[in-house]
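Structure at a glance
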Amino acid sequence: MKEKITGAEALIKSLLAEGVDLVYGYPGGAIIPVYDKLYDYQDQLKHILVRHEQGATHAAQGYARVTGRTGVVMVTSGPAATNVITGISDAMLDSTPLVVITGQVASNTLGSDAFQETDVVGITQPITKWAYQIRRAEDVAWAVARAFYIASNGRPGPVVLDFTKDAQTALVDWQHKPCRYIRSYIPKPELDKEKIQQLADMINAAERPMIISGHGVMIANAEEELKAVAEKGDIPVTSTLLGLSTMRSDHPLYKGMLGMHGNIGPNVNTNRCDLLVAIGMRFDDRVTGDTSKYAKQAKIAHVDIDKAEFGKNIPVDLAVHADAKEALRALLPLIEHRDHSRWTESFDKLNAVERERVIEAEVFPKEGGMRMGEVVNKVSQAAGEGSVLVTDVGLNQMLSSRYFNYTASKSIITSGGLGTMGFGLPAAIGAKMGAPERTVCFFTGDGGLQMTIQELGTILEYGTAVKIILLNNNFLGNVRQWQKLFFNARYSATPMINPDFVAIADAYGIPGENVESRDQLKGAIDRMLAHDGPYLLNVNIDVDDMVFPMTPAGAPVDTIMLNADERFTLPENPA
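Notes on the structure in this doc start here. (Residues numbered from 1 in each chain as written. Predicted model: local features only at pLDDT ≥ 70, side-chain atom pairs only at ≥ 80, totals over all residues. Heavy atoms only, no water.)

One turn of the α-helix equals 3.6 residues, which is why residues spaced by three or four share an orientation. With 12 residues, helix H16 (residues 372-383) ought to run about 16 Å at 1.5 Å a step, and its terminal C-alpha atoms sit 16 Å apart, in line with that. The element H16 is extensively covered by neighbouring structure, given that 9 of its 12 residues are classed as buried. Taken together, the buried positions of H16 are occupied by Met372, Gly373, Glu374, Val375, Val376, Asn377, Val379, Ser380 and Ala383. With its phi angle positive at about 85 degrees, Gly384 sits one or two positions after the end of H16. (Helix = DSSP H or I, 4+ residues; strand = E, 2+ residues; numbered from the N terminus. Expected span 1.5 Å × (residues − 1). Buried < 20%, exposed > 50% of the residue type's maximum accessible area, 1.4 Å probe, protein only.)

Following this line, the structure appears as structure tokens:
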């Protein structure tokens, strides 16, 4: 039975009908009618008041990535709407489902340069799957249902609903009608069994196959299918940055991360395999390096739900337009049991060089200042099974991604495509709220933390038990590394004079401590993890610490720096 309510209440009831229980936001004049009605629904729809609108989008991203559900953001018009642009763009590049609701001036003042008016739809159309302005209360239920369908189906991404103030106050006969089909939008293609057979034939004929597992495997919840295919075909699995945790770190067929700061085995063997099977990834430039010299010896098969990715960066021999889970499930009975032990062992031989020349010094240093890798390793080991890594962007991101131990899926939340400094703190808050039973370890640098440090106020208000590990080198470390390696150590605008972070955390009611030497580290980690609530460790890091191996930008993926002075050379008989 229909009921006559305001457009504002229709929005809230529509969100509840879509199963939303948590909204990140910040109120303001053009969205006040919705917030006023939200007051009556506090027991059904929890609102998290962030300290900056950008924080709302990143928190919703963290929530979405750890739960697989659509994150929801609600802010007002004008500067609030422009403040969410970074998070929307980040979500678009990293295929994260968001529904972002912005307030807007009344429809009869649109285009008049009214107070806090901004063309939200015009600004966000290039960085969303759909952007729509609600000007009538009658369109609320339809628009919300459509928004959630588009955001979460197919390749996920952000949707924006710009809600005029008069549509919020007008009355409407509201009735929820779920959206299950849009004529112009086919989110999941019909599985082409002939293409799956072709892929199986390629795998069965290969002597040196290699799988790249991307974020799409995680989005499709295809981890078990990936594992089954790899084990049956005895195929080594590598991952992109966002594909980390699609296979356990300790699985014998998992051989490491690809890319600029990836592992030596996967990067070198990219240019030695005879078949490369890419699943749910987009051949980003940080993975491929010089595309003219990328896997030229191999046949390349690409499985992806977004056909726009086929051939966009790398030409492929077989394009399989499909959901990763459906494709892998159909592929499994068609592939043969194989033994590629000599090939898989070649990854281990190559990675052994990395362990000897890079990892031992980074993770198990015997002298000198503390290293980021050793801190990450010790925290990860102490945090145990099922813990979640959240990173900011920079050296902290690359080193924590490399040395964290992944024991469950959806265990890494990081800004991959956009590389957004400041992403980490609010994303960690959202991740912990989405998975309160899991330990959330947030690694950050001193630069990134200060970009959204106000979200410590959100932790103060809600008591969110995020474990914050600040890898502090008093530099913008990643830029400093490039300056040292490629710009004659001219450290322009990268040294930082930092505040007392522990004192700041204390002002927000968050306990913390400074860790200034290696012998203090284990005890500090134990205290942090034992504390029932948020905690901050400010760890003093060697200023000269850098992340290696490294493939220089634009170089072939197998051109690898072991340190500032030495490049990797392929050993004899690597298999």
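Another aspect to go through is the nonpolar core. Buried together is how nonpolar side chains tend to be arranged in soluble globular proteins. Within the largest apolar cluster, 77 residues are counted, with the highest numbers of intra-cluster contacts made by Ile279, Leu331, Val375, Phe443 and Ile469. Aside from chain neighbours lying at most four places away, what touches Phe443 is Val375, Val376, Val379, Leu389, Val390, Thr391, Asp392, Asn396, Ser400, Phe404, Ile469 and Leu471. Ranked by size, the runner-up nonpolar core spans 48 residues in total, among them Leu22, Val50, Ala60 and Leu449. (Core = buried A, V, L, I, M, F, W, Y, C linked by side-chain atoms within 4.5 Å. Contact = heavy atoms within 4.5 Å.)

Here we take up the pairing of strand E7 (residues 158-164). Where burial is concerned, most of E7 is hidden: 7 out of the 7 residues are buried. The alternating pattern of E7 places Pro158, Val160, Asp162 and Thr164 and Val159, Leu161 and Phe163 on opposite faces, both of which are buried. With 7 bridges connecting them, strand E5 (residues 98-104) and E7 associate as parallel partners. If you follow Val99 over to E7, its bridge partner there is Val159. Between the parallel elements strand E6 (residues 130-134) and E7, the chain passes through helix H7 (residues 140-152) in a crossover that is right-handed. (Pairing = 2+ DSSP bridges. Right-handed = clockwise from strand over helix to strand, strands pointing away.)

Among the residues of helix H14 (residues 324-331), Ala324, Ala327, Leu328 and Leu331 are the ones counted as buried. One face of H14 carries all of its buried residues, which in axial projection span an arc of 95 degrees. Looking at the buried side of H14, the elements it contacts are helix H9 (193-205), helix H10 (215-219), helix H11 (223-233), strand E12 (275-279) and strand E13 (299-304). Measuring from the side-chain oxygen of the N-cap residue of H14 to the backbone nitrogen of Lys325 gives 3.1 Å; that N-cap residue is Asp323. (Arc of directions from axis to C-beta. Polar contact = N/O pair within 3.5 Å; in protein donor to acceptor, adjacent residues only side chain to side chain.)

Attention now moves to the packing of aromatic side chains. Per the counting criterion, the structure on display carries 10 aromatic pairs. Ring centres of Trp130 and Tyr132 lie 5.2 Å apart, and the angle between their planes is 20 degrees; this geometry places the pair in the stacked category. Note on Phe475 and Tyr491: the rings are 5.7 Å apart at their centroids and 75 degrees apart in plane angle, and the pair reads as edge-to-face. Within this pair, whereas Phe475 is found in the loop between strand E18 (467-472) and helix H21 (477-486), its partner Tyr491 is found in the loop between H21 and helix H22 (501-507), the two being separated by 16 residues in sequence. Residue class for Tyr491 comes out partly exposed when judged on its relative accessible area of 26%. (Phe/Tyr/Trp six-rings, centres within 6.5 Å; stacked < 30°, edge-to-face > 60°.)

Here we take up the packing of helix H3 (residues 53-67) against helix H18 (residues 424-434). Between two packed helices, both the angle of their axes relative to each other and the distance between the axes serve to describe the pair. Contact geometry for H3 and H18: axes closest at 6 Å, N-to-C directions at 40 degrees. When the axis of H3 is compared with that of H18, the two are oblique. As H3 runs across H18, the sense of the crossing is right-handed. Here Gly55, His58, Ala59, Gly62, Tyr63, Val66 and Thr67 of H3 come into contact with H18, specifically with Pro426, Ala427, Gly430, Ala431, Met433 and Gly434. Looking at the contact of H3 with H18 residue by residue, the class counts come to 7 nonpolar, 6 polar and no charged. (Axes fitted to C-alpha atoms, helices over the stretch in contact; angles between N-to-C directions. Parallel < 35°, antiparallel > 145°, perpendicular 65-115°, else oblique. Left-handed = near helix turned anticlockwise from the far one by under 90°. Nonpolar A, V, L, I, M, F, W, Y, C, P; charged D, E, K, R; others polar.)

Another point: the sheet that holds strand E14 (residues 318-321). Read across the sheet, 6 strands follow the order E11-E10-E9-E12-E13-E14 without closing on themselves; strand pairing throughout is parallel. Each of the sheet's edge strands pairs with one partner strand only, and the pair in question is strand E11 (254-257) and E14. Along the sheet, successive strands turn relative to each other by an average axial angle of 20 degrees, direction set aside. Sheet topology note: the strand E10 (residues 237-239)/E11 ladder contains 3 bridges and is parallel. Across the sheet, Thr238 pairs through a bridge with Gly256, a residue of E11.

Here Ser380 is to be found in helix H16. Here Ser380 falls in the buried class, since its relative accessible area comes to 3%. Residues in contact with Ser380, not counting those within four places in the same chain, are Tyr403, Phe404 and Asn405.

What follows is about the sheet that holds strand E17 (residues 440-445). Read from one edge of the open sheet, 6 strands run E16-E15-E17-E18-E20-E19, paired in parallel fashion. In the strand order of this sheet, the two ends are held by strand E16 (412-413) and strand E19 (512-515), each with one partner. Here strand E15 (residues 388-391) runs beside E16; their pairing, made up of 2 bridges, is parallel. Pairing of Leu389 across the sheet is with Ile412, part of E16.

With their axes 12 Å apart at the nearest point, helix H15 (residues 341-363) and helix H17 (residues 395-403) run at an angle of 110 degrees to one another. Relative to H17, H15 is oriented roughly perpendicular. Crossing of H15 against H17: the hand is left-handed. In contact with Glu354, Val358, Ile359, Glu362 and Val363 of H15, H17 contributes Leu399, Arg402 and Tyr403.

It is worth spelling out the pattern of salt bridges at this point. Across all of its chains, the model carries 27 salt bridges by this definition. The partner of Arg69 in a salt bridge is Asp21, with the nearest N and O atoms 3.6 Å apart. Separated by 48 residues along the polypeptide, Arg69 in the loop between H3 and strand E4 (71-75) and Asp21 in the loop between helix H1 (7-17) and strand E2 (22-25) bring together distant segments of the chain. Residue classification places Arg69 among the partly exposed residues on the basis of a relative accessible area of 36%. Close ionic contact of Arg402 with Glu354 constitutes a salt bridge, the shortest N to O distance being 2.6 Å. Residue Arg402 is located in helix H17, and its partner Glu354 is located in helix H15; the two are separated by 48 residues in the primary sequence. Here Arg402 falls in the buried class, since its relative accessible area comes to 14%. (Salt bridge = Lys/Arg side-chain N within 4 Å of Asp/Glu carboxyl O.)

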